[in-house]
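# Remarks on the overall topology
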Amino acid sequence: MTVHPFPIRRTTYNIIMYRTKTCGELRLANIGEKVTLAGWVQSIHNLGALTFVDLRDRYGITQLAFNEDASEELRQQAGRLGREFVVQAKGEVAERYSKNKNIPTGDIEILVTELNILNESLTPPFTIEEESDGGDDLRMKYRYLDLRRPNVRKNLELRHKFAFEVRRYLDQHGFLEIETPVLVNSTPEGARDFVVPSRMNPGQFYALPQSPQTLKQLLMVSGMDRYFQIVKCFRDEDLRADRQPEFTQIDCEMSFVEQEDILQMFEGMSRHLFKALKGIDIPELPRMTWADAMKYYGSDKPDTRFGMKFVELKNNQPDNASREIVESIFPAGFQVFDDAAYIGAICCEGQAVYSRKQLDELTDFVKRPQIGAKGLVYARVQEDGNVKSSVDKFYTPENLEVLKEKMNAKAGDLILILCGPDAMKVRKQLSELRLEMGSRMGLRPKNKYSCLWVIDFPMYEWSDEEQRLMAMHHPFTSPKPEDIPLLDTDPASVRANAYDMVVNGVEVGGGSIRIHDAKLQQKIFEILGFTPEQAQQKFGFLMNAFKYGAPPHGGLAYGLDRFVSLFAELDSIRDCIAFPKNNSGRDVMLDAPGPIDQKQMDELCIRLK
RNA sequence: GGUGCGGUAGUUCAGUUUGGUUAGAAUACUAGCCUGUCACGCUAGGGGUCGCGAGUUCGAGCCUCGUCCGCACCGCCA
């Protein structure tokens, strides 16, 4: 991505010329020009009679030189400078005696004739360079200094370009950007709400939107047809590296569409973004059913930068992911396999070189509490084609040959096997192992992108905590028409017209075709355990609207922060947010949240417990 | 709500295993020297509530308990 040089020019409104050029644009071609620069002092090199000052702004670094021609007064001024002082320098562009190949302006310098210190600065608490010596916490406390660093600045520039290209694409396709309110009301289901007390309505609370979901559906009822909004959303849940309490969605909705229309429209948007921002032509997005994603990758957001798909060696519990019984390929004899309901394996190409110690370490990895496997069975295919495994004493070479063929393994490959009583749990464990092996084998480079649609999500998932079915997506998602009869007989197996876009194992967006029929919506609320009164109270506005001619509609929402993080190849979404919150949801720079005055509390009729 | 790791100079860290003299390094900062630096170089100097509190001990940066803070993860996140 290129940043356009700031077009500095004299205008009638800009009488005071702080600068005529930026610190990033001067080249050999400018030699002899008289220029004025302004910026921050990056570094000072005092060689006695000779002083160099690197001046930095958003656009780059330009060296100021104070040499033998400089007046005594100028040299003394230069001697008073410190890091991060704000200065204005006037002088002539000259070719350097010794050039710096590391920066674009490295061929020239400014022979300074006038220096004005516009502001002084304390010594910053960390170095303001590409690789800072400051820790995360410190840099967040002084985020305004952290943002002076070129890499953080570049992330924000990329984010700007990303949002800009989103607007360009959606505008070209007839979408209207419409703002929806931030003060709305609390919704059942979903995440915890951030709430805002209402002074004029004592004892009553607004809630900040977790997403503008219902509002955009109302816009469809209004006939707005194609809507989008780049909008802040709020969820009061615990944070992660890829999760912030306030985050930005690209929220979209269309009327008179089926799932196919949505997938194509937004596949087009992703293609546009990859092309415009990364110069990458991405192939047509493959579509994978949720059932296949779970069966072959153990995840609803598979990282498809690499293969290593699961092979089911046994499954005696047909479920939503694998609807058929798979007889064990192993004869009885090994208690652990005999007792397991599910046995799954991955084949790691060329990894038979793993030593006993490394395999023990992998075993420890899958036994960690957050993964929770009981153990790991491995089998190495040796150079002679024979299989050497950790279960040799239970099985014959012929048994292991069957395994090798089933896994499509060849000499030098390593087969890793997990098993257990619950297929879904083992799949999740195997998924963690697959990702770990993929990382170790260098198959997940950040600059390689693999995108896909995961489709046909289940409508519901069982909540142990609530002891009831919960909407997997949200309660406004429509079931697949052919599965509607199952709503009465087997709701857990009903599939939804819901879809996620997954990039490199990250869910960057998701959506669904909505229910536009008030009666069907009523039925879905019933299955979710709402009484008609509760449904009316919480979603009456939507149900009423649906009685006045709701068009068929659907849409999706992208997580802007996550998508930008992928493009910027970041580990954490915090790095593409100007002022992010920390792990505990605090803004350490503002020291928010904080207490409020008793007077405010009284006005709001709020008393602390 | 839970698990793990961490908190020592402005900053990044070592020191904690085995408690024991004046707590170190690098970098940053200050001063001096240096005519082509760009990780400048050389010399000297200043800089510490070892997160906080309690306990054990003749003695605690080090051991114990509690607590606060940070990071990663599990639960949670329609």
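For the structure itself, look to the data block above.
Summary of the structure given here. Owing to the predicted nature of the structure, the values given are computational and were not obtained by experimental measurement.

## Looking at the overall build of chain A
For chain A, the count of helices and strands is 16 helices and 22 strands. Within chain A, the fraction of its 609 residues that count as buried is 49%. Look at the contacts in chain A between residues 6 or more apart in sequence, and 66% of them connect residues 24 or more apart. Surface accessibility of chain A: about 31000 Å² in total, with carbon and sulfur atoms responsible for 50%. The positive charge centre, built from 78 side chains, and the negative charge centre, built from 89, are 2 Å apart in chain A.

## Re the protein's contact with RNA strand B
Of all residues adjacent to RNA strand B, which total 46 residues, the nearest are Glu109, Ala471, His473, Asn582 and Asn583. The sugar-phosphate portion of RNA strand B accounts for 51% of its atoms within 4 Å of the protein, the bases making up the rest. Between RNA strand B and serine 211 there is a distance of 3.4 Å, counted from a base nitrogen to a side-chain nitrogen or oxygen. A distance of 3.0 Å is found between a sugar or linking oxygen of RNA strand B and a backbone nitrogen or oxygen belonging to methionine 472. For the surface near RNA strand B, the elements supplying multiple residues, two or more each, are strand 1 (34-46) and helix 2 (136-141). Per-class residue counts for the surface near RNA strand B are 12 nonpolar, 19 polar and 15 charged.

## Observations concerning the packing of aromatic side chains
The description of an aromatic ring pair uses the distance of the two centres, along with the angle that the planes make with each other. Per the counting criterion, the structure on display carries 23 aromatic pairs. A centroid spacing of 6.2 Å and a plane angle of 75° characterise the contact between tyrosine 142 and tyrosine 144, whose relative ring orientation is edge-to-face. Overall, tyrosine 142 belongs to the partly exposed group, its relative accessible area being 25%. The exposure class assigned to tyrosine 144 is partly exposed, which follows from its relative accessible area of 45%. Plain terms: the ring middles of phenylalanine 334 and tyrosine 395 are 6.4 Å apart, the flat faces sit at 90° to each other, and that makes the pair edge-to-face. Residue phenylalanine 334 is located in the loop between strand 12 (311-315) and helix 8 (335-339), and its partner tyrosine 395 is located in the loop between strand 15 (387-389) and helix 10 (397-407); the two are separated by 61 residues in the primary sequence. Each member of the pair phenylalanine 334 and tyrosine 395 is classed as buried. Each member of the aromatic cluster is reached from another via a ring pair, and the members are Phe162, Phe175, Phe266, Phe274, Tyr449, Tyr558, Phe563 and Phe567. Between lysine 309 and the ring centre of tyrosine 296, over which it is positioned, the NZ or CZ distance is 4.9 Å. Across from the ring centre of phenylalanine 306, 4.0 Å away, lies the NZ or CZ of arginine 434, which sits over that ring.

## A look at the nonpolar core
Formed by 42 residues in total, the largest nonpolar core has its most connected members in Phe162, Leu170, Ile250, Phe266, Met269, Trp453 and Tyr558. With 8 residues, the single largest contributor to this core is helix 6 (residues 259-278). Those residues within four positions of isoleucine 250 in sequence are excluded, and the remaining contacts are Phe162, Val166, Leu170, Gln229, Ile230, Met269, Leu556, Ala557, Tyr558 and Leu560. By size, the runner-up hydrophobic cluster in this structure holds 33 residues, among which are Ala321, Leu452, Phe546 and Ala550.

## Focus on the pairing of strand 14 (residues 377-381)
For a regular strand, side-chain orientation follows a simple rule: the groups alternate between the two sheet faces. When you tally the buried positions in strand 14, you get 4 out of 5 residues, the bulk of the element. Strand direction decides the pairing type here: strand 14 and strand 16 (residues 414-420), joined by 4 bridges, are antiparallel. Within strand 16, the position partnered with alanine 379 by the bridge is isoleucine 415. Taken together, the 3 bridges between strand 14 and strand 15 define a ladder with antiparallel strand orientation. For alanine 379, the partnering residue across the bridge sits in strand 15 and is serine 389. Two successive antiparallel strands, strand 14 and strand 15, enclose a turn made up of 5 residues, where glycine 385 displays a positive phi of approximately 90°.

Cut-offs used in this document
Just so you know, the residues in each chain are numbered from 1, in the order the chain's sequence is written. To label them, take the chains in the order written and letter them from A, then take the ligands in the order written and number them from 1. The predicted origin of the model limits local features to residues at a pLDDT of at least 70 and limits the giving and counting of side-chain atom pairs to 80 or more, whereas totals for whole chains, interfaces and linings rest on all residues. Where side-chain values are given, they derive from all heavy atoms of the structure, hydrogens and water being excluded. Runs of H or I in DSSP of at least four residues are treated as helices and runs of E of at least two as strands, each being numbered from the N terminus. Burial classification: accessible surface area is computed with a 1.4 Å probe over protein chains only, and a residue below 20% of its type maximum counts as buried, one above 50% as exposed, and the rest as partly exposed. Note on contacts: a residue pair qualifies if any of its non-hydrogen atoms lie within 4.5 Å across the two residues. The protein chains shown are the only cover counted for residues, whose accessible areas, like all others here, come from Shrake-Rupley with a 1.4 Å probe. Counted as positive: Lys and Arg. Counted as negative: Asp and Glu, with His and the chain ends omitted from the count. One atom stands in for each charge, and that atom is NZ of Lys, CZ of Arg, CG of Asp or CD of Glu. One heavy atom suffices: a residue is near a molecule or strand as soon as one of its heavy atoms comes within 4 Å of it. In the analysis that follows, any N or O atom pair within 3.5 Å is treated as a polar contact, provided that within protein one partner can donate a hydrogen and the other can accept it, and provided that, for residues neighboring in sequence, both atoms belong to side chains. Note on residue categories: nonpolar means Ala, Val, Leu, Ile, Met, Phe, Trp, Tyr, Cys or Pro, charged means Asp, Glu, Lys or Arg, and polar means any other residue, Gly included. Note on ring pairs: Phe, Tyr and Trp rings are taken, using the six-membered ring of Trp, and paired if centres are within 6.5 Å. Classes follow the plane angle, with under 30 degrees stacked, over 60 edge-to-face and the rest tilted. By the criterion adopted, a ring carries a charge over it if an Arg CZ or a Lys NZ lies within 6 Å of its centre and within 35 degrees of its normal. Put simply, buried Ala, Val, Leu, Ile, Met, Phe, Trp, Tyr and Cys residues joined by side-chain atoms within 4.5 Å make one nonpolar core. Note: two strands are recorded as paired if DSSP finds a minimum of 2 bridges between them.

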